[in-house]
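Tertiary structure, described
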Amino acid sequence: MIKRGCITALALVMSSAIAQAAAAEGPTQMAAQATAPAAVPAPAAGVVEPEAMAALNRMGATLRSLQRFTVQSDATAEQVYPDGEKIHVPVRTKYTISMPNQMNVDFVSDSGQRVLRYDGKFMTLAGTKSRKYVRFPLTGSVVDVFNRLEDDFGIELPLREMFLWGSEASDVEPPYAARYIGDSMIGSDAVSHYAIRQTGLDWQIWLDKGDKPLPRKLVITANDEPSLPQFIAHFTWNTAPDIAGDAFSTAAPKDYQLVDFGTAELTNEPAAKGKR
């Protein structure tokens, strides 16, 4: 397990903004907006439509079948101030993944850029503004890393939940309501629109039509907050990317400072180390 000191190091390197960036996973919304379907009557409370659940299961299975891909999430998260004013915070997150155990995640927000690199043996997390990084041994699949990020660092990536949906490994709370809203368009692409309700959350998802229902848009509303803040993300997929051979290198740039909480000796880092 990763030591508690590593978690502190991560906080120093990444700052609280990475948690916001990762939780908001995903600024600049795509110009192509989903076309609103005609109004549909509200279903009876607690109705879970089998069609909606089957579509989500197909989505999860499709994601788990991908071997090499990139996906960019352009998202907006709403921050609610004490006076009730809502401020939109844009966050862009790009994943580059090669299964089973290589992953890059780049977070870009108003507060700067943070990067995560995982090569199957080590993970590096760095802040381009602070020019500091932490590096530590880590093994396991990409899904394992998703879980470790959440359990050890409190970094939640919505892509994790979508990947695991419908699998035995999923720990997502079953919805108490789920329904098919209708078909619509995102740009020139036909999509199917679904609405799901869970305790404290309403969310909507738009999936590509056809045999590969990749998620294209996600809207999450915190329905247990009086202000009903939302998170909105648009996804752009490339399932046949040209990934450079050194794309998953966990070596930090030479001018970055290592924040060492006992991990340097485990990763053969140079003797000069950043201070706590």
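Residues numbered from 1 in each chain as written. Predicted model: local features only at pLDDT ≥ 70, side-chain atom pairs only at ≥ 80, totals over all residues. Heavy atoms only, no water.

Glancing now at the pattern of salt bridges. Counting across every chain of the model gives nine salt bridges. A salt bridge links Arg131 to Asp255; its shortest N-O distance comes to 2.6 Å. You can see Arg131 sitting in the loop between strand E5 (122–127) and strand E6 (132–137) and its partner Asp255 sitting in the loop between strand E11 (230–238) and strand E12 (257–258), a full 124 residues away along the chain. Salt-bridge contacts for Lys209 lead to Asp183; the nearest nitrogen and oxygen are separated by 3.1 Å. Separated by 26 residues along the polypeptide, Lys209 in the loop between strand E9 (201–208) and strand E10 (215–222) and Asp183 in strand E7 (residues 177–186) bring together distant segments of the chain. Salt bridges sharing common partners tie together Asp189, Asp208 and Arg216. (Salt bridge = Lys/Arg side-chain N within 4 Å of Asp/Glu carboxyl O. Helix = DSSP H or I, 4+ residues; strand = E, 2+ residues; numbered from the N terminus.)

With that settled, the discussion passes to the pairing of E6. Here E5 runs beside E6; their pairing, made up of six bridges, is antiparallel. Across the sheet, Leu125 pairs through a bridge with Val134, a residue of E6. Here E5 folds back onto E6, and the loop between the two strands holds four residues, one of which, Arg131, carries a positive phi near 55°. Sheet topology note: the E6/E12 ladder contains two bridges and is parallel. Each residue of the ladder has a partner; that of Lys132, found in E12, is Gln257. (Pairing = 2+ DSSP bridges.)

Let us look at the side chain of Ser98. As for its position among the elements, Ser98 is in strand E2 (residues 86–98). Engagement of the side chain of Ser98 in a polar contact is seen with the side chain of Arg68, the distance being 3.2 Å. In contact with Ser98, other than residues within four places in its own chain, are Gln67, Arg68 and Phe248. (Polar contact = N/O pair within 3.5 Å; in protein donor to acceptor, adjacent residues only side chain to side chain. Contact = heavy atoms within 4.5 Å.)

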